[in-house]
Amino acid sequence: MSDFSWLELTLLLPLLGAVVAAFIKVPAVAMRTSLGFFIATLITATAANLAFAGTKIAWLKHFAVDDLAAPMLPVLALLHLLTLLGTAKSRVSPMFCVRLLIAAFVSLAAVTCQTPWMLVALLVLGVLVPLWDLMSRGQPVRGYLIHMGLFVVLLVVGWQFAGKTTGYGLLLLALLLRGGIVPLHGWLPTLFQGAAYGTAMVFVLPLMEVLAALRLLLPSTPEWMLNAASIVCLITAVYGGGMAIVQNEVRKFFAHLCLSQTALVMFAVMLHTSNGLTAALCLWISSSLALAGLAFSVRALEARFGALSLREHHGFYQQVPGLAVCFLITGLASVGFPGTIGFVPMELLISGSADQGLWVSGTLAIAAMFNGIAIMRAYFALFTGKRPTTSVSLQKTPLERAGIVVIALMVFLGGWFSPGMVASRHETADKLLERAVQAMRR
């Protein structure tokens, strides 16, 4: 099979799966069918990554596998697969499967998109999936509509005037809003509380604002603008970590943790240096996967015990030790614990920011410390303390067991493969900066 076909299949399989799932009435059948399409998509995405040998592989004139997209294809496919694996059967509906498959198509198409206007259109399309979920569940949409409506307007108008300082300013503001950077973050906790957990995950965790910043902003945005944005991202990283510590609801805790991690990746992008971009590209991969694993364990807990509070100690470890271990290792991986997939990217981020001054490295360390404290507080609240008794079986399902194995392999094997990944991302970062220099000369 040619390289061209792997890319084509990777983009078309989730779209075809959404069409098929839309005609299925039985939730269990829709889930099994969607699972098959996600596994097939993961296989073809991995093949597309492995087939990439440094030369851009294009399909039509809009999509191509390049240095930036190649490693992200299997990451995004795995993220959506884990989202479905972590969803309890009782909470799966055919329309949920359709939304999940459409979200997978949008993410995969966006990361391979080479045409700016097509990328803008895909980012706008991605906004509609959570809106569809909120409306179908009868949840308030006003806050989400205001924030995302503003995002769409700023994005479209900003790109229309790209090449001018005003245009880049509007684009930058749009992407900071999409990432929930303070003070434009009000929609993020609301989305996690109102929408289905899986829908919120696949909208936030692919970090599409990072992709848009690399594709649309980086080539020509004035340096002073990126520097100003980097300070805002740095403040958000600390703010998100601090807010995650004091939350009493699990979903709000996770939302603020995502906010802090997103801000760290965006900060690395805004550094627009070789080391900073290398850290951003590595963090993009590790944060997406680690947070997906953390969300997987939270979703499995909610399927058994309902909405969870962090005000008291639940003592779930005795009943679901596998989920406790999954929660702990993915949480620690997200803050760069040694030996996990997140260790090297966090080291790169802190060392790459050394040129900006000691206060910047110190602030990054504080943000990581806040995130670590928040994760350990949530772990102790959920898995330690009293031992509840129940006659209902709480054993892991086969799908959950498979998900935990995949997550454990991903967290620890990712650490072993870090040197090769860092070298690859460093080369990509240099190419992005070279492209930026050429754009400035024009």
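This write-up is about the structure you can find in this document. Given the structure is predicted, the values throughout are model-derived calculations rather than measurements. (Residues numbered from 1 in each chain as written. Predicted model: local features only at pLDDT ≥ 70, side-chain atom pairs only at ≥ 80, totals over all residues. Heavy atoms only, no water.)

Here we look at unusual backbone geometry
Inclusion rule: The numbering of helices and of strands both runs from the N terminus, where a helix is a DSSP run of H or I of at least 4 residues and a strand a run of E of at least 2. With a 1.4 Å probe rolled over the protein chains alone, any residue whose accessible area is under 20% of its type maximum counts as buried; one over 50% counts as exposed, and the rest are partly exposed.
Positive phi values are uncommon outside glycine, yet Leu 207 reaches one of about 50 degrees. Looking at where Leu 207 falls in the secondary structure, it is placed in the loop between α9 (197–204) and α10 (208–217). On the basis of relative accessible area, Leu 207 is assigned to the buried category, the value being 5%. Here the phi dihedral of His 272 falls at roughly 45 degrees; this positive angle occurs in a residue that is not glycine. Relative to the assigned elements, His 272 resides in the loop between α12 (250–270) and α13 (274–305). A residue is classified by how much of its surface remains accessible, and His 272, at 18% relative accessible area, is buried.

Some remarks on the packing of aromatic side chains
To keep it simple, the criterion reads: Here is the rule: rings of Phe, Tyr and Trp (six-membered ring for Trp) pair when centre to centre is within 6.5 Å. Planes less than 30 degrees apart are stacked, more than 60 are edge-to-face, and the remainder are tilted.
Throughout the structure, instances matching the rule amount to 10 aromatic pairs. Where Trp 187 meets Phe 203, the ring centres are 5.8 Å apart and the plane angle is 75 degrees; that geometry is what we call edge-to-face. Here Phe 203 lies in helix α9 and Trp 187 lies in helix α8 (residues 187–194), a separation of 16 residues in the sequence. Take Phe 203: its relative accessible area is 4%, and that puts it in the buried class. Consider the rings of Phe 327 and Tyr 379, whose centres lie 6.4 Å apart with planes at 35 degrees: the pair is tilted. Taken as a pair, Phe 327 in helix α14 (residues 321–334) and Tyr 379 in helix α16 (residues 358–383) lie far apart in primary sequence, 52 residues in all.

Describing the pattern of salt bridges
Defined as follows: Salt bridge, as used here: a side-chain nitrogen of Lys or Arg that lies within 4 Å of a carboxyl oxygen of Asp or Glu.
Following the criterion strictly, the structure yields 7 salt bridges and no others. As a salt-bridge pair, Arg 251 and Glu 302 come within 3.0 Å of each other at their nearest N and O atoms. Note that Arg 251 is positioned in helix α12 and Glu 302 in helix α13, a separation of 51 residues in sequence. Arg 251 gets classed as buried once you look at its relative accessible area, which sits at 15%. Linked through salt bridges whose partners overlap, the residues forming this network are Asp 67, Glu 427 and Lys 431.

Some points on empty space enclosed by the protein
Selection criterion: Grid spacing is 1 Å over the protein atoms alone, the probe is 1.4 Å, and a cavity is where that probe fits but cannot get out, while a pocket is an open set with protein on both sides within 12 Å along at least five of seven lines and lining residues have an atom within 4 Å of a point. Grid points are joined across faces, edges and corners, and a volume is the space filled by probe spheres set on the points.
In the structure shown here, the tally under the stated rule is 3 cavities of 30 Å³ or more. Roughly 150 Å³ of internal volume is contained in the largest cavity. Contributing to the lining of the largest cavity are 13 residues, with Val 106, Gly 126, Arg 178, Val 202 and Phe 203 lying nearest its centre. Looking at the lining of the largest cavity, the elements that each hand over two or more residues are α4 (94–112), α5 (116–136) and α9. Here the lining of the largest cavity takes 5 residues from α5, the largest share from any one element.

Considerations on a nonpolar patch on the surface
Note the following rule: Patches here are clusters of residues that have more than 30% relative accessible area and form no salt bridge, with a 9 Å joining cutoff for like charges and a 5 Å cutoff for nonpolar side chains (Val, Leu, Ile, Met, Phe, Trp, Tyr). We get accessible surface area from the Shrake-Rupley algorithm with a probe of 1.4 Å; when it comes to residues, only the shown protein chains can shield them.
The grouping of Val 153, Val 157 and Phe 161 at the surface amounts to a nonpolar patch, some 240 Å² of accessible area in total. Following the sequence through the fold, Val 153 ends up in helix α6 (residues 142–160).

Focus: the environment of Val 325
Within the element layout of this structure, Val 325 appears in helix α14. Overall, the relative accessible area of 43% leaves Val 325 in the partly exposed class. Sequence separation of Val 325 and Phe 383 is 58 residues, and the distance between their C-alpha atoms is 9.8 Å.

What about α13?
Stated formally: The span one expects for a helix is its residue count, reduced by one, times 1.5 Å. Two axes define the bend at a residue: one fitted to the seven residues ending there, one fitted to the seven starting there, and the bend is the angle between them.
Between its terminal C-alpha atoms α13 stretches 46 Å, which fits the 46 Å expected from 32 residues at 1.5 Å a residue. Along α13, the helix axis deviates most sharply at Leu 283, where the bend reaches about 25 degrees. The buried fraction of α13 amounts to 29 of the 32 residues, a majority that puts the element mostly inside the structure. With its phi angle positive at about 80 degrees, Gly 306 sits one or two positions after the end of α13.

A short note on the packing of α13 against α14
Applicable threshold: Axis lines are fitted through C-alpha atoms, for helices just across the contact stretch, and the angle between N-to-C directions can take any value from 0 to 180 degrees. In this scheme, roughly parallel covers angles under 35 degrees and roughly antiparallel covers those over 145, while 65 to 115 is roughly perpendicular and the rest are oblique. We call a crossing left-handed when the near helix sits turned anticlockwise from the far one by less than a right angle, and right-handed when that turn is clockwise. Only heavy atoms matter for contacts: two residues are in contact if any of them lie within 4.5 Å across the pair.
Relative orientation of the contacting elements α13 and α14 amounts to 150 degrees, with a least axis distance of 8 Å. Taken together, α13 and α14 sit at an angle that is classed as roughly antiparallel. Relative to α14, the crossing made by α13 is left-handed. Judged by residue contacts, Ala 290, Leu 291, Gly 293, Leu 294, Phe 296, Ser 297, Val 298, Ala 300, Leu 301 and Arg 304 of α13 engage Leu 323, Cys 326, Phe 327, Thr 330, Gly 331, Ala 333 and Ser 334 from α14.

Quick look at the layout of surface pockets
Empty space left among the atoms is revealed by rolling a probe the size of a water molecule over them. Of the voids in this model, the largest pocket is the one considered here, and its volume is about 1,000 Å³. Taken together, 40 residues line the largest pocket, and the ones lying closest to its centre are Pro 71, Pro 74, Val 75, Leu 289 and Met 421. Of all the secondary structure elements, the ones that give two or more residues to the lining of the largest pocket are α2 (27–51), α3 (72–85), α13, α17 (398–416) and α18 (418–441). Considering each element in turn, the lining of the largest pocket owes the most residues, 9 residues, to α18.

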